[in-house]
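Remarks on the overall topology
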Amino acid sequence: MDITQLLFPNELQTPQYWEEKYPKRDLEETQSVTRFAPSPTGSIHIGNLFSALIAERIAHSSDGIFYLRIEDTDKKREVEGGAEYIIKALENFSVKFDEGYAHGGEYGSYKQSERVEIYHSFAKYLLEKGLAYPCFCTAEELDELRSQQEKQGELFYGYFGKWTKCRNLSEKEIEDNIKTGKPWVLRLRSDKIGIPNEWKDGIKGKIKLTPNEQDIVLLKTDGIPTYHFAHAVDDHLMRTTHVVRGEEWLSSLPIHIQLFKALEFTPPQYCHIPTIMKSENGNKRKLSKRKDPEASLKFYEIEGYPYGAVIEYLLTIINSAFEPWRKKNPTAHYNEFPFNPKNIGNAGALFDVIKLNDVSKDYISKLSAEDVTNYVLKWAEEYNLDYYNVLTKDIEYTEKVFEIAYKSARPRKDFATFSETKDVYSYFYEDIPLQISDITKKYAEIYNHTDTKEIWYEKIKELAEQFGYASDNKAFKANPEQYKGNIGNFVAILRTAITGRENSPDLYDIMQILGEKKVIERLKDERKT
Ligand code: GLU
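Residues numbered from 1 in each chain as written. Predicted model: local features only at pLDDT ≥ 70, side-chain atom pairs only at ≥ 80, totals over all residues. Heavy atoms only, no water.

Let's talk about the overall build of the chain
As a reminder of what qualifies: The helix count covers DSSP runs of H or I at least four residues long, the strand count covers runs of E at least two residues long, and both are numbered beginning at the N terminus. The size measure is the radius of gyration over C-alpha atoms, and the globule rule it meets is 2.2 Å times the number of residues to the 0.38 power. With a 1.4 Å probe rolled over the protein chains alone, any residue whose accessible area is under 20% of its type maximum counts as buried; one over 50% counts as exposed, and the rest are partly exposed. All accessible areas in this document rest on Shrake-Rupley with a 1.4 Å probe, and a residue is counted as covered only by the protein chains that are shown. His is not counted here, nor are the chain ends, while Lys and Arg score as positive and Asp and Glu score as negative. Note that the charge is assigned to NZ on lysines, CZ on arginines, CG on aspartates and CD on glutamates.
Secondary structure summary: the chain contains 24 helices and 13 strands in total. Expected size for 529 residues packed as a compact globule is a radius of gyration near 24 Å; at 33 Å, the chain overshoots this value by more than 25%. Here the chain, with 529 residues, has 50% of them falling under the buried criterion. Within the structure as shown, the chain displays about 26600 Å² of accessible surface, and the carbon and sulfur contribution to it stands at 48%. For the chain, the distance from the average position of its 73 positive side-chain charges to the average position of its 84 negative side-chain charges is 4 Å.

Written as structure tokens, this is what we have:
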């Protein structure tokens, strides 16, 4: 009996059928097709965003296509709604797909579990070509194989060379095994497919390839493909031009090149992106989901980072040309940055929250006061309802508070996250510890809430003189020993009494917003206890 028929008894389309069903895309050479291919695990890591962003930029900066494929061949890792969660998370970060799972398109299904028939067509084809074979080894036999390999001091373990027990089974043996219902996997005949010893990666440049000698599994006992096999079939049929993925896949590259060759597909341009690292006590280590909250995208949501700022920061660490470009184009959208994968650093990308905060402060300072108010309200409504209630008690007041940082010619960079506003502007909403002195009491007496800024400042200067501070900086510089301090030191006393902080936006503006009652209260302690 025909072995192929025994292994694949159901009617299958030919590879040619699929080639015609998913023809070459009608695009120019220069237009790239990339994808994001997560497993629907329901969690998304900053590294996933990193690769999605690079893939998206490569596609869209070439006017190409960016699509979403759900790699759900490992049912153990799947969680309900996992794919939807990932889509939502990426949408929040404005990483948008043109086609794919939940987006439609001509190259679907974009969910691997719905493509089994396609994988089987190609698996059968490899079998017919003598490039694949069924393997009936049980888990126990494979364990035994490994202990033999250990005993014999093999450098590598696995299913290769002389250890490939099922590589040369006779047709009769295969037939008997199948007839007795033995489960089987389909393996690649790695010894029949040579590969070049060098490869050009889109990011890493020239790399050495170590030939793969492992007869890796293509189809598991349940007929579901492994990542390796599904990747080759899907990226070919979906006409992916650039496979952007983490460098942890680099060691599997020889297998993938072998598979493309066995299947007679042209390999895509692989772009292996650096792992995100963190510096700790002078050493670099991988950003860890377990140890580092910033590894999870949830962190950015909970802290209230503007999503655009996180993207800007990732672009900064991905691409050395981004920061100089940003300096020259302070107001341009990051999508206008001419993205070139060649400029992606080869070494591990270093993630640093301090730098992220700087980028974020800068980003927020370029938003309008109105946008910031809306973002803060939206964030608070979801993550800090008490704060939301405080902010919305008098929305006009809150709008004025958030305008304050934007009134000066150079916007202030007071906060990196929306959650920080609660602390940074707390003096507008909460009582502060009183810091009353003779100076503040005296000032309360002359304070007139309707004074213009000029008169307000004149009065402060006069009072400063009365208390032995220089109202004129030149005079102070000439004879510092004659004064208790300069006008800045004097204002600092008032600022601390009114805001509880040494640093704040314009004090006059703050006092105007706080209102006369609160100002006087903080200067004179007229609080009712
Ligand atoms: N499903 C793989 C993963 O989640 C995707 C790797 C790739 O992009 O090819 O790691």
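Having seen the model, we can carry on.
Notes on empty space enclosed by the protein
For the record, the criterion: With a 1 Å grid laid over protein atoms only, a set of points is called a cavity when a 1.4 Å probe fits there but cannot get out and a pocket when it is open yet has protein on both sides within 12 Å along at least five of seven lines; lining residues have an atom within 4 Å of a point. Grid points are joined across faces, edges and corners, and a volume is the space filled by probe spheres set on the points. Ten residues, namely Ala, Val, Leu, Ile, Met, Phe, Trp, Tyr, Cys and Pro, are considered nonpolar, four, namely Asp, Glu, Lys and Arg, are considered charged, and the remaining ones, Gly among them, are considered polar.
Considering all chains together, one arrives at one cavity of 30 Å³ or more under this definition. Size it by volume and the largest cavity reaches roughly 40 Å³. Along the walls of the largest cavity sit K361, I364, S365, A405, Y406, R412, K413, D414 and F415, which together make up its complete lining. Taken together, the residues of the lining of the largest cavity break down into four nonpolar, one polar and four charged.

Topic: the packing of aromatic side chains
Selection criterion: Under the pairing criterion, centres of Phe, Tyr and Trp rings, with the six-membered ring standing for Trp, must be within 6.5 Å; the plane angle then separates stacked pairs below 30 degrees from edge-to-face pairs above 60, leaving the rest tilted. Throughout this description, the term charge over a ring refers to an Arg CZ or Lys NZ atom that lies within 6 Å of the ring centre and within 35 degrees of the ring normal.
According to the stated counting rule, one finds 31 aromatic pairs in the structure shown. With 5.9 Å between their ring centres and 55° between their planes, Y67 and Y110 make a pair best called tilted. Of the two residues, Y67 sits in strand β2 (residues 65-68) while Y110 sits in the loop between β3 (99-100) and α5 (116-128), which places them 43 residues apart along the sequence. Here F322 and W325 contribute two aromatic rings whose centre-to-centre distance is 5.6 Å and whose plane-to-plane angle is 35°, an arrangement assigned as tilted. One end of the pair is F322 and the other is W325, both in helix α12 (residues 322-328) and three residues apart, which spans about a single turn. Taking relative accessible area as the criterion, F322 reaches 1% and is therefore assigned buried. The buried category is assigned to W325, whose relative accessible area is 13%. Sitting above the plane of the Y107 ring, R25 keeps its charged end 4.0 Å from the centroid. Over the aromatic face of Y159 sits the side chain of R187, whose NZ or CZ is 3.7 Å from the ring centroid.

Describing the sheet that holds strand β5 (residues 185-188)
What counts, and what does not: Strands were regarded as paired on the criterion that DSSP finds at least two bridges between them. A fitted line through C-alpha atoms represents every axis, and for helices the fit uses only the stretch in contact; the resulting angles, taken between N-to-C directions, go from 0 to 180 degrees. Contacts were defined at the residue level, with two residues in contact if any of their heavy atoms lie within 4.5 Å.
Taken together, the three strands give an open sheet; going across it, the order is β4-β5-β8, and neighbouring strands pair in antiparallel fashion. In this open sheet, the two edge strands, each paired with only one partner strand, are β4 (132-135) and β8 (217-219). Averaged over neighbouring strand pairs, the angle between their axes works out to 45° when direction is ignored. Note that β5 and β8 share two bridges and pair antiparallel. The residue bridging R187 from the neighbouring strand is V217, located in β8. Contacts between α5 and the sheet are confined to β4, β5 and β8, with β4 contributing the most and set at about 100° to the helix.

Some details on the sheet that holds strand β11 (residues 276-280)
Across a sheet, paired strands are connected by hydrogen bonds in the backbone, their directions being either parallel or antiparallel. Read from one edge of the open sheet, three strands run β12-β11-β13, paired in mixed fashion. Strands at the two margins of the open sheet, each flanked by one partner only, are β12 (283-286) and β13 (349-351). Strand after strand, the sheet turns through a mean of 45° between neighbouring axes, direction not considered. Where β11 lies against β13, three bridges are found, and the strand directions are parallel. Note that in β13 the partner of K278 across the bridge is F351.

Read these as layout, nothing more, since geometry by itself doesn't imply function.
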